[in-house]
Amino acid sequence: MNTSTLDFEKACFVSHLECSETGSRIEADKLHGLSTSGAPLLVKYDLISAQNSFNKKELSHRPSNIWRYRELLPYKSTKDIISLGEMMTPLIEMPLTANKLGGESLLIKDEGRMPTASFKARGIALAVTMAKSFGIKKIAIPTAGNAGAALSAYAARAGIEAYVFTPEDTPEVTLKEIAFHGAKTFRVKGLIDSCGKVVNGGIDEMGWFDMSTLKEPYRIEGKKTMGFEIAEQLNWSLPDVIFYPTGGGTGIIAMWKAFKELKEIGWIQGPLPRMVAVQTTGCAPIVHAFENGSDSVLKPWNPVKTNVHGVRVPKPLGDRLILRTIRESEGFAIAVEDFEVEDSRIATAKETGSHLCPEGSACLVAYQKSLRKKMIRKTDQAVLFNCANGLKSPMPVQTLELDVSENIDYSKL
Ligand SMILES: *Cc1c(COP(=O)(O)O)cnc(C)c1O
């Protein structure tokens, strides 16, 4: 074994967990849910030791997958890794789209290429890796769909039993995908909060570990890799602004944590990106709280009326962390309309070849609106998230019939 493999194997720098509200310390060597005050826990690292143990040059020799940021991730041993082949996803330049919308520099981070075709794989890969290493045998999750698909697949890989609860109108293809990987899959009458109650109610009797968004600390750590990748792919500079479709908020919180860690170890300098939470007018609790100057979502959004499934969270558990991230980064929150999302999705597919999922398309609409309202500058470099493969969502197009029993009039095609 050469020394760099040995270092990689040993390079876990987690020091403790911290309550995101009170700052109280909790030991990291056990599997935890929420803090004693009911807030999400954040993983803390000995960043000075991490800084001394790796550098950008060494990183450049590592495989291009999410595990390469080893020193800033929580897993103890490379033997614990539960992987389905997560890769670094491309940042795709969209010069024509930027131009059309009045901007100059637009990049799409295309997460549809991840295992189970969404960025949920990043968080769930780390969370299942940690759960498995702590000896967990059964996991349950409430989900709008993609987190369930990822959990079902990673649990299969890890030999863990999975129970998945989804709102009844979750897209059929996603429900099938979840069940296909072997999780016990239930459609629940109601929204994601009803699913959450089912999971919570069964913890004692079923012996489940609760993998709900932000109820365990490691999904955030997996989603930090989006931030690390953007920084590395832009040669350790950062974009001016990031548009992120915000449901539970894991990603926006996680990228901000990643940027602050990179800054602390001296790998990036200068201002961090403005973080923009994108929601739809049919479910915009974060936008509402942001505009009212509130530091939390005071009551769950009701009624929820949007087909953009990824943002259908009436009151995220991480509301305070999301709002803190937006304000600390001098970003903002913005709501778009469902019809704009669909129109822009269709236009983008035709005009650029990029197939955005509805949530990705929502970011594009938000980018356009922000330019128009001068909330961002046209020269700003913007990164948008395409969170999932567009094929997971219905495609509203018509195909034509052709009768080949008659002579074909080619001029009419
Ligand atoms: C989960 C999900 C989101 C929301 O992500 P959070 O990090 O939970 O805010 C957005 N879009 C899609 C497609 C998702 O699956």
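Residues numbered from 1 in each chain as written. Predicted model: local features only at pLDDT ≥ 70, side-chain atom pairs only at ≥ 80, totals over all residues. Heavy atoms only, no water.

The 6 strands are arranged β4-β5-β13-β10-β11-β12 in an open sheet whose pairing can be described as mixed. Each end of this open sheet is capped by a strand with a single partner; those strands are β4 (91–93) and β12 (332–336). Averaged over all pairs of adjacent strands, the angle between strand axes in this sheet comes to 25°, irrespective of strand direction. Pairing geometry for strand β11 (residues 274–280) and β12, over 5 bridges, is parallel. What sits directly across from Val276, in β12, is Phe332. (Pairing = 2+ DSSP bridges. Helix = DSSP H or I, 4+ residues; strand = E, 2+ residues; numbered from the N terminus. Axes fitted to C-alpha atoms, helices over the stretch in contact; angles between N-to-C directions.)

Turning our attention to the site of the ligand. Close to the ligand lie 16 residues, the nearest being Lys120, Tyr244, Gly247, Gly249 and Gly251. Between an oxygen atom of the ligand and a main-chain N or O atom of Gly251, the distance comes to 2.9 Å. Protein coverage of the free-state accessible area of the ligand, which is 390 Å², stands at 94%. Mapped onto the shell around the ligand, the elements with two or more residues apiece are β10 (241–245) and α10 (250–264). Of the residues contributing to the shell around the ligand, the split by class is 5 nonpolar, 8 polar and 3 charged. (Near = heavy atom within 4 Å. Polar contact = N/O pair within 3.5 Å; in protein donor to acceptor, adjacent residues only side chain to side chain. Areas by Shrake-Rupley, 256 points an atom, 1.4 Å probe, with all protein chains shown as cover. Nonpolar A, V, L, I, M, F, W, Y, C, P; charged D, E, K, R; others polar.)

The interhelical angle for the contact between helix α6 (residues 146–158) and helix α7 (residues 172–180), taken along N-to-C directions, is 20°, at an axis separation of 8 Å. The orientation of α6 relative to α7 falls into the category roughly parallel. Note on packing geometry: the crossing formed by α6 with α7 is left-handed. Along its contact with α6, which presents Asn146, Gly148, Ala149 and Ser152, the element α7 presents Thr174, Glu177 and Ile178. Looking at the contact of α6 with α7 residue by residue, the classes come out as 2 nonpolar, 4 polar and 1 charged. (Parallel < 35°, antiparallel > 145°, perpendicular 65-115°, else oblique. Left-handed = near helix turned anticlockwise from the far one by under 90°. Contact = heavy atoms within 4.5 Å.)

So, on to the sheet that holds strand β7 (residues 161–167). Strand order in the open sheet formed by 4 strands is β8-β7-β6-β9, and the pairing between neighbours is parallel. Lying at the two open borders of the sheet, with one neighbouring strand each, are β8 (184–188) and β9 (209–210). Taken together, the 5 bridges between β7 and β8 define a ladder with parallel strand orientation. The residue bridging Thr166 from the neighbouring strand is Arg187, located in β8. Sitting on the sheet, α7 is in contact with β7 and β8, with an inclination near 150° to β8.

Here Glu9 shows up in helix α1 (residues 3–10). Distance from Glu9 to Lys76, taken between C-alpha atoms, is 8.0 Å for residues 67 residues apart in sequence. Apart from the residues lying within four places of it in its own chain, the contact partners of Glu9 are Arg70, Lys76, Ser77, Thr78 and Lys79.

This next bit is on α10. In this model, α10 (15 residues) spans 21 Å end to end at C-alpha, consistent with the 21 Å of a helix rising 1.5 Å per residue. Of all 15 residues that make up α10, 12 are buried, and the element is covered over most of its length. Three or more residues of α10 are buried, namely Thr250, Gly251, Ile252, Ile253, Ala254, Met255, Trp256, Lys257, Ala258, Phe259, Glu261 and Leu262. Following α10 by one or two positions, Gly266 has its phi on the positive side, about 80°. (Expected span 1.5 Å × (residues − 1). Buried < 20%, exposed > 50% of the residue type's maximum accessible area, 1.4 Å probe, protein only.)

This structure, assessed with the given rule, holds 29 salt bridges. A salt bridge links Glu232 to Arg68; its shortest N-O distance comes to 2.5 Å. Of this pair, Glu232 sits in helix α9 (residues 218–233) while Arg68 sits in the loop between α3 (56–59) and β4; the two residues are 164 residues apart in sequence, bridging distant segments of the chain. The burial state of Glu232 is the same as that of Arg68; both residues are buried. (Salt bridge = Lys/Arg side-chain N within 4 Å of Asp/Glu carboxyl O.)

Another point: the domain arrangement of the chain. Under the domain assignment, the chain is made up of domain 1 (8–80), domain 2 (91–114 + 218–392) and domain 3 (120–210). Here the C-alpha centre of domain 3 lies 24 Å away from the C-alpha centre of domain 1. Each partner contributes to the interface: domain 1 provides 10 residues, whereas domain 3 provides 10 residues. Together, the buried faces of domain 1 and domain 3 total about 900 Å²; carbon and sulfur atoms form 83% of this surface. Interface area lost by domain 1 to domain 3 is led by Leu31, Ile66 and Asp80, which between them contribute 55%. Inspection of the region where domain 1 meets domain 3 yields 0 salt bridges. Taken together, the connections running from domain 1 to domain 3 amount to 0 residue pairs in polar contact (both at pLDDT 80 or more). (Domains from an automatic or database assignment. Buried area = accessible area lost by both parts, 1.4 Å probe.)

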